[in-house]
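Listed here are the chains, written in short residue letters.
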Amino acid sequence: MPVRDQGVVVTGAGHGIGRALATRLAAEGARVVVNDLDADAAESVAAEIGGHPVPGDAASEGGVAALVESARARLGGIDVWFANAGVDRGLGLAAAEADWTASLEVNVLAHVRAARLLVPDWAERGAGRFVVTASAAGLLTMLGSPTYSVSKHAAVAFAEWLSATYRHRGVVVQAICPQGVRTRMFDEAGAFQELLSLDAVLTPEDVAEAVWQGLRDGRFLILPHPKVGGYHAARAADPDRWLAGMNRLQRRLENRGSVDDP
């Protein structure tokens, strides 16, 4: 799937995985809109890669509409949308309502709102690609953070629905599901870094390379940590055994005093 001269939008592209994606896609000849809430970061990345900075909110209904309009004006049309922006807020059952709201808005509804504006046009012309940065937490779970786990499961579920509904009309949908990646989110994970590090911690550039290969083979699940595929299969084959194993990890963390006992 060549991206040369295609119009590509990457949300949350000022840092981490988004920045690495924008950089790799621009190097492959794509015309990239760099979006981020951090305007300085968006403008810096865009200047580095020869892209178009469009800072702002990529989650709210108005913010998504404004981003789509601005991106179309700069690119002449949008061929690929990377719904990459995400948040990780709130721990345990004590997670506040605001943490749940932010997680669902950014990690799920941002994708829904973008798809509403993009997919009908793609289906009509028979071509388009929607790529969601989900997480291994969206296929498995993330101990400690119900907000992250639930919203990332929903992100994968929405991507599945899009693919099942529109693939025969030329719309390709994919979900990126890494484990530990050395980003600000990983640096702030505290005791849960141990879980994220079980199968190596990748760099954002490692993820971008896995995504580039995924764009070329078109598979729905892009797994920068290949072992996640095995875990996902084991979870589906025997949910009780898998949940018992996850509970053992939870107890181990509690016994070390790394997390609060729920």
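These remarks concern the structure in this document. Since the model is a prediction, treat every value here as computed from it, not as a measurement.

Section: unusual backbone geometry
For step 1, the next point in the chain: Despite not being glycine, D5 has its phi angle at roughly 70 degrees, a positive value.
For step 2, the next point in the chain: Note that D5 resides in the segment before β1 (7–10).
For step 3, the next point in the chain: The exposure class assigned to D5 is exposed, which follows from its relative accessible area of 54%.

Let's talk about the packing of helix α1 (residues 16–27) against helix α2 (residues 39–49)
For step 1, the next point in the chain: α2 packs onto α1 with a crossing angle of 25 degrees between their chain directions and a minimal axis gap of 10 Å. Judged by the inter-axis angle, α1 sits roughly parallel to α2. The way α1 lies across α2 gives a crossing that is right-handed. For the pair α1 and α2, the contacting residues are R19, A22, T23 and A26 in the first and V45, E48 and I49 in the second.

A word on the sheet that holds strand β2 (residues 31–34)
For step 1, the next point in the chain: The strand order β3-β2-β1-β4-β5-β6-β7 describes an open sheet built from seven strands, whose pairing is parallel. Across the chains shown, the open sheet's two edge strands, defined by having one partner strand only, are β3 (52–53) and β7 (221–222).
For step 2, the next point in the chain: When β1 meets β2, the two strands line up parallel, connected through four bridges. Bridging across to β2, G7 finds its partner in R31.
For step 3, the next point in the chain: Sheet contacts for helix α8 (residues 204–217): β4 (80–83), β5 (128–133), β6 (171–176) and β7; angle to β6, the most-contacted strand, approximately 150 degrees.

Each value, and the rule that gives it
- Throughout this document, residue positions are counted from 1 along each chain, in the order its sequence is written.
- Where totals are concerned, whole chains, interfaces and linings use all residues; where local detail is concerned, this predicted model gives features only for residues with pLDDT of at least 70, and gives and counts side-chain atom pairs only at 80 or more.
- Hydrogen atoms and water are omitted, and side-chain values are computed over all heavy atoms in the structure.
- Secondary structure follows DSSP: runs of H or I at least 4 residues long count as helices, runs of E at least 2 residues long count as strands, and numbering of each begins at the N terminus.
- Three labels apply to residues, based on accessible area from a 1.4 Å probe with only protein chains included: buried if under 20% of the type maximum, exposed if over 50%, partly exposed otherwise in between.
- In this description, a line fitted to the C-alpha atoms serves as the axis of each element, helices being fitted only across the stretch in contact, and the angle between N-to-C directions of two axes falls anywhere from 0 to 180 degrees.
- Any angle between 65 and 115 degrees counts as roughly perpendicular, while under 35 counts as roughly parallel, over 145 as roughly antiparallel, and the rest as oblique.
- Helix crossings are classified by the rotation of the near helix relative to the far one: an anticlockwise turn of less than a right angle makes the crossing left-handed, while a clockwise turn makes it right-handed.
- Between two residues, a contact is recorded if the distance between any of their heavy atoms is within 4.5 Å.
- Two strands qualify as a pair provided that DSSP identifies no fewer than 2 bridges between them.

Taken by themselves, the reported measurements are silent on function.
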